[in-house]
Amino acid sequence: MREYIVIHVKEEYVPFIHGKENHIHELFTDTYSLKKEIPLEFMYVCKELYWEEFMNVVASQTQEDYVHFSINKPTIFMHHPIKGEANITIFDQFIHISCKGNAMLDLDIFSLLSKTSNTYFAFQKNSKSYGWLRPIKHFV
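K.L.:
Explain the side chain of Arg 2 to me, using residue names and the numbers behind them.
P.N.:
With respect to the secondary-structure elements, Arg 2 resides in strand S1 (residues 2-8). At 3.0 Å, the side chain of Arg 2 and the backbone oxygen of Gly 101 are in polar contact. Engagement of the side chain of Arg 2 in a polar contact is seen with the side chain of Asp 106, the distance being 2.7 Å. Look past the residues within four positions of Arg 2 in its chain and what remains in contact with it is Ile 97, Ser 98, Cys 99, Lys 100, Gly 101, Asn 102, Ala 103, Asp 106 and Gln 124.

Now the structure itself:
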């Protein structure tokens, strides 16, 4: 099972974070693993997530493509016969995604998120994998 934590960075903080992603990843994963919640430092740089808005976007974009799609607030469950299944849980400051099956499922979810904003940053739990869901343009 692959697990991800996704934060929605406020646009004004993107220039500060861009280029320091490795440090952000270390800070987040060290603190998150100890407390099982988002580090306090991230509360300032993350946009608050609204479950209803997010659910509407996910449902409208993916419901037709998945054999089983269910919503049990705050979690969305999706099952595709070829790609696999995913649980997406939306918290106030971050999104927790767990995927089982084909990696194309992960890409579908990341693609969906990147269509709604260009400031999502994802961490794969228990891995050194992290990055922006959309490439960040350099700031002058």
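K.L.:
Account for the layout of surface pockets, naming residues and giving values.
P.N.:
In this model, the largest pocket occupies a volume close to 190 Å³. If you go around the largest pocket, the residues you meet are His 8, Lys 47, Glu 48, Leu 49, Tyr 50, Glu 53, Phe 54, Val 57, Thr 116 and Tyr 120. No other element matches the 3 residues that helix H4 (residues 51-62) contributes to the lining of the largest pocket. For the lining of the largest pocket, a count of residues per class yields 5 nonpolar, 2 polar and 3 charged.

Criteria and thresholds
Within each chain, residue numbers correspond to sequence positions counted from 1 in written order. Note on the predicted model: pLDDT of at least 70 is required for a residue's local features to be given, and 80 or more for side-chain atom pairs to be given and counted; whole-chain, interface and lining totals, by contrast, use all residues. In computing side-chain properties, one takes all heavy atoms of the structure into account and sets aside hydrogens as well as water. In DSSP terms, a helix is any run of H or I states spanning at least four residues, a strand is any run of E spanning at least two, and both are numbered starting from the N terminus. Here a polar contact means two N or O atoms within 3.5 Å. Within protein one must be a hydrogen donor candidate and the other an acceptor candidate, and residues neighboring in sequence count only if both atoms are side-chain atoms. Contacts were defined at the residue level, with two residues in contact if any of their heavy atoms lie within 4.5 Å. Only protein atoms enter the 1 Å grid used here, on which a cavity is any set of points holding a 1.4 Å probe that cannot leave and a pocket is any open set flanked by protein within 12 Å on both sides along at least five of seven lines; residues with an atom within 4 Å of a point are listed as lining. Grid points are joined across faces, edges and corners, and a volume is the space filled by probe spheres set on the points. Side-chain classes follow a simple rule in which Ala, Val, Leu, Ile, Met, Phe, Trp, Tyr, Cys and Pro form the nonpolar group, Asp, Glu, Lys and Arg form the charged group, and the remainder, Gly included, forms the polar group.

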